[in-house]
Structure formats: structure tokens, C-alpha cells
Amino acid sequence: MIAHVAQSGEDRGRVLIQIRSRHPSAIALEAAVHIARAFGSDLESLFVEDAQLFDCAAYGFVREVSLSGRQTRPLSLDTMMRDLHLAAQGTRRQLEALARKAEVPLRCRVVRDEPLRALTIACAELGPWNVVTLGEPFAGGNSLLFKQMLSEVSGTTGIVTVGPRALRVSGPVIVAVEDMAELSDMLRTAERVAAVDGAEVVLLLVGPGEGDLERMEGETRLVVEDRERVRIELAAVAHGADAHMAETLRKLGGGMVICRFGGLVVPDEGDLRPLAAALECPLFLVRPDGPGAPPPPSSSPGRPEVSKSDF
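Keep in mind that what you see is a predicted model, and the values were worked out from it rather than measured. (Residues numbered from 1 in each chain as written. Predicted model: local features only at pLDDT ≥ 70, side-chain atom pairs only at ≥ 80, totals over all residues. Heavy atoms only, no water.)

## Examining the nonpolar core
- Counting 51 residues, the largest nonpolar core has I35, L43, V193, V201, L203, I258 and F284 as the members making the most contacts within it.
- Of the residues forming this core, the biggest block, 8 residues, is contributed by helix 1 (residues 26-39).
- Each of two domains, domain 1 (3-56 + 75-134) and domain 2 (162-286), supplies a minimum of three residues to this core.
- Once you skip the residues sitting within four places of it in the chain, I35 turns out to touch V15, V131, V160, V193, M256 and F284.
- Counting residues in hydrophobic clusters, the runner-up holds 42 residues, among them L46, V265, V266 and L275. (Core = buried A, V, L, I, M, F, W, Y, C linked by side-chain atoms within 4.5 Å. Buried < 20%, exposed > 50% of the residue type's maximum accessible area, 1.4 Å probe, protein only. Helix = DSSP H or I, 4+ residues; strand = E, 2+ residues; numbered from the N terminus. Domains from an automatic or database assignment. Contact = heavy atoms within 4.5 Å.)

This is how it looks when you write it as C-alpha cells:
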């Protein structure tokens, strides 16, 4: 299991950042650029105008509520289109500045579609080795969204997301290891991400008990050998200990957390509110092996047509 991303010029994938709102997370944008730089990949911004919003705007009784909840106004199609255009332009300027500094090739475009469908089509157009970054922070209950994305968007090998309290991309790259069979691949991924700014790699061994962790630590030291910028931490976590795991990650002060989706750290069912509240850096969710995993590089996915425009 490894979050492979196609390199620039391979035309087999890229880092794709999906933007769905007027105010995406600045940390999410930085994380997308960081991953693209680490893997020598292209970066593409996909600003999605949710087609359902345009359907709602056709009804005169629909009203828009302010974030404070104190003000409402009719949902105007003209106003909404202007706001979305300005938001897309603003996001493009932010990404252009970040990509230029990191020397990462960037493409920006706008599509009007249902968000998951737009993402599915974009990954199928150029795949199968894409890493998707979500521009908006996740909240409690998003395990179902991640599960749906990883099962239905077959052209992606991983998802990068942030919580509402994300502060940084710099710092140690934390790898949560639950299965020793995944250690080598996840370590290689972490070392590429860490090499961008010379960060340390922290191998966080996660298991249900002390006996399991002792065995995992012994095996890990044989793999790590004499690597100077890799250290090992242990975390005994049982199923359902969401708050404990979230606090463990917070205390490590990482610049990015890499883990397998569907395990003890990020279960495929359950409440992610503790993790969302504690996480101060991006979360890189790697697709587990099994049904729905990307096809081998020799396959050639189709390129369905989609209405799109550069902006």
C-alpha cells in the first residue's frame, strides 16, 4: 500500500485539489503544493460550482442565510455566479503564488457539476495515480464521505484533508503504522514528503496492547536501521478510543499525518469530531489495498467529456 502520485509529464495522474467554497483552507492549499513538490507532480485546481445550488436558485422562495444566522436574503442567481467567479479568481491567485514559489506546474479550471461526480470525472480523465486534496476542512461524521470517495473515485490513491484548526504544514511527518506489512511503503512515502523541507519522520506504531507494540517496535528497528531522521513512538489504542488517538497526534506536533483509512486512527465508521478538533496539520489518508484500488499503471482509463473552462 503506497500513495503513488504520477510525476509531471507522465500523464497518469497529478495532485488534484477540489475547491467547493468561497473560503478554502489556506493550509489545505499549502498541503496540496507540498505533496506535488514532494512527488515531482503537477498540481490541478478544480473549482466546483455545485449544480444543486443553481437548481435551488431557480426557486424564488429559497433564501440564503448568513454564517451568523441573523440575516437572510433571496438566493440570487446573478449574485451567486458573481460570488463564485470572484472566489475562483481569488483561489487561483493564492495557488499561483504558492506553486510559483515551489516551482510546481499548476493548472486551474472551473466545472459545474455535483461535487463527487466532478471529482470522479477529473480523476478518470488523467489517472489512475492521483492524490486528491479537499479544500474545505472536514468535521465529525466525514468518515462516510472519505469511504465513499475512496470506493467510488477509483482514480485516486489517497486523500489529503485538514481539520478546522489546521495551523501548519511544517514539522515532523508522522506515519501511523497499524500493519507491519505496510511499513516500508508508508516510510518511503513519508521520507519523500519530509525531504521537501528536511523534516523528521516519526513512525507512530499503533496497536491494541503493549505486547503487540513491543513486537512491532522490534520489527520496525530492523527496517529503520541507521536512518538519522527517523524516530519511533508507540501508541496503545483500542477500538473506540477516538479522543485518545486524536490527542496523541496533537501532542506530536506534526506537519503532516499519514495513515491508512479504515483502521484505528481513522475508522471507516464512527465519529471524527475528536480528530477534527485536535488535528493541527494536514491528514494524508492512504487507500487500503483491496477492491476499488487503482488499476496497475499499464491500464488506460477513458477520458469522458465534461463541460469545463480554464479561469
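Moving on from the model shown.
## Focus on the pattern of salt bridges
- Applying the stated criterion to the full structure yields 20 salt bridges.
- Residues K147 and E269 are paired through a salt bridge, measuring 4.0 Å at the closest nitrogen-oxygen approach. With a gap of 122 residues between them, K147 in helix 5 (residues 143-152) and E269 in the loop between strand 11 (256-260) and helix 9 (273-278) connect regions that are remote in the sequence.
- Given a relative accessible area of 54%, E269 falls into the exposed group. (Salt bridge = Lys/Arg side-chain N within 4 Å of Asp/Glu carboxyl O.)

## Things to note about the pairing of strand 1 (residues 15-19)
- Strand 1 sits mainly inside the fold: 5 of its 5 residues count as buried.
- Of the two faces of strand 1, the one holding V15, I17 and I19 and the one holding L16 and Q18 are both buried throughout.
- Of the pairings in the sheet, the one linking strand 1 to strand 2 (residues 43-50) comprises 5 bridges and is parallel in character. The partner of V15 across the bridge, within strand 2, is L43.
- Summarising the sheet, strand 1 and strand 6 (residues 130-134) pair through 4 bridges and their orientation is parallel. When the bridges of strand 6 are listed, I17 appears paired with T133. (Pairing = 2+ DSSP bridges.)

## Considerations on the packing of helix 4 (residues 115-125) against helix 5
- Direction vectors running N to C along helix 4 and helix 5 enclose 35 degrees, while the axes themselves pass 10 Å from each other. The two elements helix 4 and helix 5 meet at a crossing, and its hand is right-handed. Contacts between helix 4 and helix 5 involve L116, L119 and T120 on the former and, on the latter, Q148, M149 and E152.
- By residue class, the composition of the contact of helix 4 with helix 5 is 3 nonpolar, 2 polar and 1 charged. (Axes fitted to C-alpha atoms, helices over the stretch in contact; angles between N-to-C directions. Left-handed = near helix turned anticlockwise from the far one by under 90°. Nonpolar A, V, L, I, M, F, W, Y, C, P; charged D, E, K, R; others polar.)

## Some thoughts on the layout of surface pockets
- The volume enclosed by the second largest pocket comes to roughly 290 Å³.
- Around the second largest pocket sit 13 residues that line it, and E30, V33, H34, R37 and A102 are the ones nearest its centre.
- Where the lining of the second largest pocket is concerned, the elements lending two or more residues are helix 1 and helix 3 (77-102).
- Broken down by class, the residue content of the lining of the second largest pocket amounts to 6 nonpolar, 2 polar and 5 charged.
- The residues that make up the lining of the second largest pocket include at least three from each of domain 1 (3-56 + 75-134) and domain 2 (162-286). (1 Å grid on protein atoms, 1.4 Å probe; cavity = no way out; pocket = protein on both sides within 12 Å on 5 of 7 lines; lining within 4 Å. Points joined across faces, edges and corners; volume = space filled by probe spheres on them.)

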